[in-house]
Amino acid sequence: MPFDPREVEPKWQARWREARLHRTTFDPKKPKFYALDMFPYPSGAGLHVGHCEGYTATDVLTRWKRMQGWNVLHPMGWDAFGLPAENYAIKTGIHPRVTTEQAISNFRRQIDSVGFAYDWEREVNTTDPRYYKWTQWIFLQLFKKGLAYESVMPINWCPSCKTGLANEEAAGGRCDRCGTQVERKDLRQWMLRITAYADRLLEDLSEVDWPESTLAMQRNWIGRSEGAEVVFRVADGPAAGAELRVFTTRPDTLHGATYLVLSPEHGLVESLTAPEQRTAVTDYQSAARLKSDLERTELAKEKTGAFTGSHAVNPINGERIPIWIADYVLATYGTGAIMAVPAHDQRDHDFAVKFGLPIRQVVRPVDGAPPEPGKAFTEAGTAVNSGELDGLPTAEVKQRVVATLEARGQGRRTVSYRLRDWIFSRQRYWGEPIPIIHCAKCGAVPVPEDQLPVTLPEVERYEPSGTGESPLATIPEWLETHCPQCGGPGRRETNTMPQWAGSCWYYLRYLDPANDKEPWSKEAERQWMNVDLYVGGAEHAVLHLLYARFWHKVLFDLGHVTTKEPFKKLRHQGTVLAYTYVDAAAHYHELSEVELRGEDAFLRATGEKLKVQVEKMAKSKLNGVNPDSVVAEHGADVLRLYELFMGEFELSKPWDPRAIEGCGRFLRRVWRLVEEHGTARAPEGDPHLRLRHKTTQRVTADLERLQFNTAIAALMTYTNELVSKGSTREDLTTLVKLVGPFAPHLGDEAWERLGGTGFLLEQDWPPFDVALTVDAQVTYAVQVNGKLRGSLEVERGTPEAEVRERALALPNVVRQLEGGKTVGKVIVVPDKVVNIVVR
RNA sequence: GCCGCGGUAGCCCAACUGGUAGAGGCGCUGCGCUCAGAACGCAGAGGUUGCGGGUUCGACUCCCGCCCGCGGUACCA
């Protein structure tokens, strides 16, 4: 009987469910393995094959670990707060809870249809009050530790979403969510003081096993730089005598500072501006305010700026230097002001040239090369034009200048970070309410912990109020309350948390998801933390992973968790790309309209030849692949196998609707071997003994390194051998156990067919004998001057002298030595190569 | 620009610390089975390892310089 996935797969899924096979258990005598997938936002579009790649990988690994006798935790849940459901609610009036629930059921159905072994008894949902009660609780711990504070600041404002955005959500001057041009608006915001943890977030990266690229991105994002703060005193104009602080990484170039630049938003600009410069300065400020970040950065090849009319005194040499404003200086980095050293900073150089400001060289290259025209010399060198410091190397000049400044109280060593505090409030409905009550007398008062959760009230309309407040501000009966501290009238905080909040700690809730007394028990935390393998997309390399690490460290400091880092090992699955078919008019066509002939593709309707490309899956390109259709056509096991066989796990690779056939063929061969067992002619003895052990070793080692594609290839090789040479019972039980984690439905069906009892997951992973994984005979490649001239079959471990002798005696080698050539060195690499050097 | 990753057969991809470039899959060609096809089985073709230099007895692998592709990021003082 052929293998019919449509019948077999639902059968085993039902049996697994009935047996509660995927329920997590914990035996203290066994090692533990906590495998975590980045939980999805349950969108209306459903799962796509890209999600399935990561999920299949962790599923295979956890099935394998269970067979090896480990305690396994492999949960799944929903990052279900978020804009799409809310925007849909604004359009249709349907509560986000309703659409979210629908999307979740669909996701769960899809996940089950692929046969993933999640323990649904630990499912979490960030929008469930029983979950966000604890998200709010963690916020209160941050608040009590002084890490959450309110601040009025110019924030990125999306006029379409009518909400504030963090800088990283407004990248390129456009809203992360809807693409609308971002404006600036002053709003009261809740902030989280992530900068207080900057150094630890940086240092502890050395403890984790993460991709080097992700570590680099986190380091760059934190952007620690050591330098000095230098104090300049304003020399003239309306603000004479005031202090101006600048941050520099090159205090050694202070002698070359020929002017100062403040960002247009700097607090002192107003008072510094001389009357005759007033118009120029305010004009420049308003122009800068209208510019998007994009225009201020990428598009601005030409430097712009305005002179304030005031001067400052350079503390190292008493020189009077002009103070300018320019938008290439950012208000949010350092002190929002710089000392400009045009000879040794390219931006300052460009600016000085444009506005005719003096350029003074104070560092000379060690090799004495003359300055390149139009370019700043930005490297370390030797001091010149720096008074008594002349001739000293950059490193020492830095020390001396800072020491001088410190002695005079005009500066100090300091560290600056690129990382900024985290804007933690959104003017939105569909998010966790921030558990704070505002009281005229007591200020911002935390909601007592025994009153959590602060639940989301029902509302009539989901639109933001448009004034910068969330829809929650329009519900007086929810809004008006009393102050928990003094009992007077109080008003609830109307801001909600950003989507990142729920995902900052979900891996902890999985440990103890039903606990209503505490977010997780100490016992569960000690048993399972930290996460042994975290798998998800590289797009979360910075934000989510940095925010979650930050919360984790705060929880560590408060004694709620026992590990410094949450995720010990991290891996990213590669993007799944797909073929697109484009006609001469640049229209995309979906695969069903296309006929494939060899390498070429033709439009069925007209016969037109189409351009075949590989692109990221997108609706507009009609190249999305839905796992439902793959399961319907090929079955879940084939989908799973192909997800991992496509190519190296961490690289992007194209989904090829034809190549998947090969995985189907492979599984059918495995099934046929099992089905014909007993009826087909059995081989004599155990001819595949060595190959069986080699294959087991190979698959085991490849799983350890997440090299699924090569593990599957090894299984194919073994299967091909069994098909052509016949198989023993031992061959088949081993094969089925090795294939089981990849194709669990076929695995269990085959296991049952072979007369096995219980589920494959309850069987032991096959052992291997290293002695049997090496061949007794080895073949030497025999080279003369690096060119292959013959081969030599000998017993493994044959003494070098004998190998050399026999190699030199090979007829083909002897011929190479004719004509009076002499043999020089002879290199023998044990069991591999003999290279004879001849002159 | 900078950081990270990649470039091996028509395509997707293997190749352990430098040791005979090929495991697997797709596609292609031929053969068997078949009335025929599908399915299945058997066999086969296909290469300047992106380019140029270097180190070495020996380089896909190490070093230097380029080219191309993907991802990230950027007046960060």
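Residues numbered from 1 in each chain as written. Chains lettered and ligands numbered in written order. Predicted model: local features only at pLDDT ≥ 70, side-chain atom pairs only at ≥ 80, totals over all residues. Heavy atoms only, no water.

Attention shifts here to the packing of aromatic side chains. All chains considered together, the criterion is met by 40 aromatic pairs. Aromatic pair Tyr328 and Phe351: ring centres 5.5 Å apart, planes at 50 degrees, arrangement tilted. Of this pair, Tyr328 sits in the loop between strand E12 (320–325) and strand E13 (337–340) while Phe351 sits in helix H11 (residues 346–355), and the two are 23 residues apart along the sequence. Take Tyr328 and Phe351: they sit in the same class, and that class is buried. Among the aromatic residues, those joined into a ring-pair cluster are Phe139, Phe143, Trp190, Trp422, Phe424, Trp500, Tyr547 and Trp551. Between Arg15 and the ring centre of Trp12, over which it is positioned, the NZ or CZ distance is 4.5 Å. Positioned above the aromatic ring of Tyr328, the side-chain terminus of Lys303 is 5.3 Å from the ring centre. (Phe/Tyr/Trp six-rings, centres within 6.5 Å; stacked < 30°, edge-to-face > 60°. Helix = DSSP H or I, 4+ residues; strand = E, 2+ residues; numbered from the N terminus. Buried < 20%, exposed > 50% of the residue type's maximum accessible area, 1.4 Å probe, protein only. Lys NZ or Arg CZ within 6 Å of the ring centre and 35° of its normal.)

A word on empty space enclosed by the protein. Overall, the coordinates contain two cavities of 30 Å³ or more when judged by the stated rule. Its boundaries defined by the atoms lining it, the second largest cavity holds a volume of some 70 Å³. The wall of the second largest cavity is formed by Trp16, Leu21, Arg63, Met67, Gly740, Pro741, Pro744, Asp748, Phe759, Leu760 and Leu761. Those elements that provide at least two residues to the lining of the second largest cavity are helix H2 (49–67) and helix H24 (744–753). Looking at side-chain class alone, the lining of the second largest cavity contains eight nonpolar, one polar and two charged residues. (1 Å grid on protein atoms, 1.4 Å probe; cavity = no way out; pocket = protein on both sides within 12 Å on 5 of 7 lines; lining within 4 Å. Points joined across faces, edges and corners; volume = space filled by probe spheres on them. Nonpolar A, V, L, I, M, F, W, Y, C, P; charged D, E, K, R; others polar.)

Our next topic: the protein's contact with RNA strand B. Near RNA strand B, the surroundings consist of 53 residues, among which Thr249, Arg347, Arg665, Met716 and Asn835 are the closest. Counting only atoms of RNA strand B within 4 Å of the protein, the sugar-phosphate share comes to 62%. Backbone polar atom of Tyr328 to a sugar or linking oxygen of RNA strand B: 3.3 Å apart, as the coordinates give it. Between RNA strand B and Glu648, the relevant distance is 3.0 Å, taken from a phosphate oxygen to a side-chain nitrogen or oxygen of the residue. Counting only elements with at least two residues in the surface near RNA strand B, the list comes to helix H7 (212–222), strand E9 (243–248), strand E29 (653–655), helix H20 (660–675), helix H22 (708–725), strand E30 (777–784), strand E32 (823–829) and strand E33 (833–838). Per element, the largest residue contribution to the surface near RNA strand B is seven residues, and it comes from H22. Tallied by class, the residues present in the surface near RNA strand B amount to 23 nonpolar, 15 polar and 15 charged. (Near = heavy atom within 4 Å. Polar contact = N/O pair within 3.5 Å; in protein donor to acceptor, adjacent residues only side chain to side chain.)

Turning to the confidence of the model for chain A, a few remarks are in order. With 96% of its residues at a pLDDT of at least 70, chain A reaches an overall mean of 88. For chain A, the element scoring lowest by mean pLDDT is helix H10 (residues 293–296), at 60; strand E2 (residues 71–73) scores highest, at 97. (pLDDT = per-residue confidence, 0-100.)

For the rest of this paragraph, the subject is the side chain of Asp119. Along the chain, the position of Asp119 falls in the loop between helix H4 (96–113) and strand E4 (124–125). Within the structure, the side chain of Asp119 is placed 2.5 Å from the side chain of Thr24, a separation counted as a polar contact. Not counting residues up to four positions away in its chain, the partners in contact with Asp119 are His22, Arg23, Thr24 and His74. (Contact = heavy atoms within 4.5 Å.)

Our focus in this paragraph is the pattern of salt bridges. Tallying each qualifying case throughout the model produces 53 salt bridges. For Arg20, the salt bridge is made with Glu121, and the minimal N-O distance between the two is 3.1 Å. Taken together, the residues Arg20 in the loop between helix H1 (5–18) and strand E1 (32–37) and Glu121 in the loop between H4 and E4 connect sequence positions 101 residues apart. Judged by its relative accessible area of 45%, Arg20 falls in the partly exposed class. Ionic contacts of the salt-bridge type, sharing partners, join the residues Asp204, Glu207, Arg549, Lys553, Lys564 and Glu565 into one network. (Salt bridge = Lys/Arg side-chain N within 4 Å of Asp/Glu carboxyl O.)

So, about the pairing of E32. Pairing geometry for E32 and E33, over five bridges, is antiparallel. From the neighbouring strand, Val823 faces E33, where its bridge partner is Val838. Counting the residues in the hairpin turn of E32 and E33 gives three residues, including Asp831, whose phi is positive at 65 degrees. (Pairing = 2+ DSSP bridges.)

Further remarks concern the sheet that holds E1. Strand pairs in the sheet, formed through backbone hydrogen bonds, run parallel or antiparallel to each other. The four strands are arranged E2-E1-E22-E23 in an open sheet whose pairing can be described as parallel. Edge positions in the sheet fall to E2 and strand E23 (570–571), since each of these pairs with one other strand and no more. In this structure, strand E22 (residues 533–535) lies alongside E23, joined through two bridges in parallel fashion. In the sheet register, Tyr534 faces E23, and the bridge partner there is Leu570. Sheet strands touched by H2: E1, E2 and E22. Its angle to E1, the strand with the most contacts, is close to 170 degrees. (Axes fitted to C-alpha atoms, helices over the stretch in contact; angles between N-to-C directions.)

For the rest of this paragraph, the subject is a nonpolar patch on the surface. Together, Tyr88, Ile94 and Val98 give the surface a local cluster of nonpolar side chains, amounting to about 240 Å² of exposed area. Among the structural elements, Val98 can be located in helix H4. (Patch = residues over 30% accessible without salt bridge, like charges linked within 9 Å, V, L, I, M, F, W, Y side chains within 5 Å. Areas by Shrake-Rupley, 256 points an atom, 1.4 Å probe, with all protein chains shown as cover.)

Attention now moves to the nonpolar core. The biggest cluster of nonpolar side chains holds 157 residues, and the ones touching the most others in it are Phe139, Trp551 and Trp655. Ignoring any residue separated from it by four or fewer positions in sequence, one finds Phe139 in contact with Ala148, Trp190, Leu192, Phe424, Ile434, Pro435, Ile436 and Met497. Core analysis: the second largest hydrophobic core is formed by 39 residues, Leu260, Met339, Ala383 and Leu392 among them. (Core = buried A, V, L, I, M, F, W, Y, C linked by side-chain atoms within 4.5 Å.)

Going through the model one piece at a time under the given rule, you end up with zero disulfides. Free of any disulfide, Cys439 has its nearest neighbouring cysteine sulfur in Cys483, separated by 3.7 Å. (Disulfide = S-S within 2.5 Å.)

A cis geometry characterises the amide bond from Leu452 onward to Pro453, with omega recorded as 0 degrees. Tracing the chain through its elements places Pro453 in the loop between strand E19 (443–446) and helix H13 (476–479). Note that the residue after Met529, namely Asn530, is joined by a cis bond; omega there is 0 degrees. Relative to the assigned elements, Asn530 resides in the loop between helix H16 (522–528) and E22. The phi angle at Asn385 is positive, at roughly 50 degrees, despite the residue not being glycine. Within the secondary structure, Asn385 sits in the loop between strand E15 (382–383) and helix H12 (394–408).

Among the secondary structure elements, Thr733 is positioned in helix H23 (residues 729–739). A distance of 3.2 Å separates the side chain of Thr733 from the backbone oxygen of Glu730, its partner in a polar contact. With near-sequence residues (within four places) excluded, Thr733 lies in contact with Trp751 and Leu754.

Attention now goes to the environment of Gly726. Within the fold, Gly726 resides in the loop between H22 and H23. Sequence separation between Gly726 and Arg400 is 326 residues, and the spatial gap between their C-alpha atoms is 81 Å. Apart from residues no more than four positions distant in its own chain, Gly726 is found in contact with Pro683, His688 and Glu721.

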